[in-house]
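Structural features, examined
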Amino acid sequence: MSAPLWDITALAVDAAVADTAMAARARAALPDARVTTVAPGDARPHAPAGGRLLHIKAHLGRFLRPCPATRHYRCCGYQIIHIGENCPMDCSYCILRAYFRDRTLTAFANTGAMFAELAAAFGRDPSRVFRVGTGQFADSLALEPITGHTRELLGFLAAYDNVSLELKSKTADLSWLEADPRPNRVLPSWSVNAPAIVAREERDTAPLAARLAAARTCARAGFRVCLHFDPICHFPDWEREYAAIIDLIFDYLSPADIAYMSLGSFRCLPELPGRLAAEGRELPAYMLGEFAVGADGKKRLLRPLRVRQFRFMAARLAGHGFSRGLYFCMESDEVWRAVLGRTPRDLGGLAAYLLDCARNPGG
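Let me sum up the structure you'll find in this document. (Residues numbered from 1 in each chain as written. Predicted model: local features only at pLDDT ≥ 70, side-chain atom pairs only at ≥ 80, totals over all residues. Heavy atoms only, no water.)

Digging into the overall build of the protein
The condition is simple: Comment: elements are numbered from the N terminus, with helices defined as DSSP H or I runs of at least four residues and strands as E runs of at least two. Radius of gyration: over C-alpha atoms. The globule rule applied is 2.2 Å multiplied by the number of residues raised to the 0.38 power. Using a 1.4 Å probe on the protein chains alone, a residue whose accessible area is under 20% of its type maximum counts as buried, one over 50% counts as exposed, and one in between counts as partly exposed. Any two residues having at least one pair of non-hydrogen atoms within 4.5 Å are treated as being in contact. Areas reported here follow the Shrake-Rupley algorithm with a probe of radius 1.4 Å; residue values treat only the protein chains shown as occluding. Asp and Glu are treated as the negative residues and Lys and Arg as the positive ones, with His and the ends of the chain left uncounted. Every charge is mapped onto a representative atom, which is NZ of Lys, CZ of Arg, CG of Asp or CD of Glu.
Looking only at helices and strands, one finds 12 helices and 18 strands in the protein. Taken against the 2.2 N^0.38 rule, which gives 21 Å for 363 residues, the C-alpha radius of gyration of the protein at 20 Å falls within 12% of a compact globule. Expressed as lengths along the three principal axes of its C-alpha atoms, the size of the protein is roughly 55 × 50 × 40 Å. Looking at the protein residue by residue over its 363 residues, the buried ones come to 53%. Excluding contacts between residues fewer than 6 apart, the proportion of contacts in the protein whose partners are at least 24 apart in sequence is 76%. Accessible area for the protein stands at about 15300 Å²; split by element, carbon and sulfur atoms hold 52% of it. In the protein, which carries 44 positive and 38 negative side-chain charges, the distance between the mean positions of the two groups comes to 4 Å.

This is the structure:
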């Protein structure tokens, strides 16, 4: 018997969504999982030792929400469609470690309520353009073979010309293409990092070559893709490592294939190193550097070091012909000026600029 996908050995399904298509898909995709129907008031079951629980449930809050940014740094204006919580991959730097205290994966199956909320938002003013994504509190595609969530969402969004959907992942899953979405309204997106960071710190993720091969497949099918260097880590030999991945990107993609690309320095809630230590995981070198606590309460690499890394990467990308669509995730105007000589205001606002990059390939 093959190992269960993502080591999911238990499936909990809330009674309120037990008859949904998503619950049926999950049961079919996990035929050997122990299935429990959870009635109101029941305690959530636990997965067997060494396994993982997937909880199919109804979400009772808002599905569409702004990115949880802070006003002290420039946010890209991304809006989140909340499809679930937690990630089966194991990246040492992931902020979800601080948000979620266990390995339970959650997917929201009350898609009727989600689509009603989205229809009200997206249909209110068809001239208002939205850039939305599902990769904030969960990987966009990690559970797609089980839930089919993205395929459902793409079917719904086919009626909304004013919405661009970004799918951000560290997998190489392309099963969402079965929904036959319009290439000019979907932004397949991958997080990338230095090869040494991927090898040591991104457990259970797809190899860089597999991510970039998936991106190339999408580009050849007419999609424009997005890439995210977040977090950029400061460690010995970082220049050689980040030069290697930047060069590798352009073995697979041309600059015109990329709608936009973000650069974000490593930042974390102060308790993250303690969480890793409690798991028995050795603290990586990039967590042992010089940090200050930023305006958002997170530890951030000192600004001169961030600027040095950003300048290095921007110059290397420019050497490959990529500059339009490059932006910083959660940085101040001072950093923007120091690296690129401009601020988001000079671009007409970062949210508007990225919408233009996403929807107008020629600039």
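Describing the side chain of Glu241
Within the secondary structure layout, Glu241 lies in helix H8 (residues 238-252). The contact partners of Glu241, leaving out residues within four places of it in the chain, are Ala194, Pro195, Ala196 and Phe235.

Quick notes on the nonpolar core
Under the convention used in this document: What is meant by a nonpolar core is a set of buried Ala, Val, Leu, Ile, Met, Phe, Trp, Tyr and Cys residues, joined one to another through side-chain atoms within 4.5 Å.
Core analysis: the biggest nonpolar cluster contains 87 residues, and Phe122, Phe229, Tyr242 and Ile249 have the highest contact counts within it. Of the residues forming this core, the biggest block, seven residues, is contributed by H8. Those residues in contact with Ile249 that lie beyond four places of it in its chain are Val192, Leu212, Leu227, Phe229 and Ile258. In this structure, Leu54, Ala58, Leu96 and Ala142 belong to the second largest nonpolar core, which totals 24 residues.

Details of the pairing of strand S3 (residues 52-57)
Definition in use: In this analysis, strands are considered paired if DSSP registers two or more bridges between them.
With five of six residues buried, S3 is to be regarded as a mostly interior element. In this structure, strand S1 (residues 8-14) lies alongside S3, joined through five bridges in parallel fashion. Of the residues in S3, the one forming a bridge with Ile8 is Arg52. As judged from the four bridges shared by S3 and strand S8 (residues 105-108), these two strands associate in the parallel manner. Paired with Leu54 across the two strands is Leu105, which belongs to S8.

Notes on the packing of helix H7 (residues 208-220) against H8
Rules: Fitted lines through C-alpha atoms give the axes, limited to the stretch in contact for helices. The angle between two N-to-C directions lies from 0 to 180 degrees. Each crossing is labelled by how the near helix is turned from the far one, with a counterclockwise turn of less than a right angle marking it left-handed and a clockwise turn marking it right-handed. The nonpolar class holds Ala, Val, Leu, Ile, Met, Phe, Trp, Tyr, Cys and Pro. Asp, Glu, Lys and Arg form the charged class, and all remaining residues, Gly among them, are polar.
For the pair H7 and H8, interaxial distance at closest approach is 9 Å and the crossing angle is 35°. The interaxial crossing formed by H7 with H8 has right-handed handedness. Only Ile245, Leu248, Ile249, Asp251 and Tyr252 of H8 make contact with H7, whose side of the interface consists of Leu208, Ala209, Leu212, Ala213 and Arg216. For the contact of H7 with H8, a count of residues per class yields eight nonpolar, no polar and two charged.

Side note on the sheet that holds strand S17 (residues 299-301)
Reading across the sheet, the three strands line up as S15-S17-S16 and stay open at both edges, with antiparallel pairing between neighbours. Of all the strands in the sheet, the pair left with one neighbour each is strand S15 (267-268) and strand S16 (291-293). Judged from the two bridges that link them, S15 and S17 form a sheet pairing that is antiparallel. Within S17, the position partnered with Arg267 by the bridge is Arg300.

These figures come from the coordinates and say nothing about function on their own.
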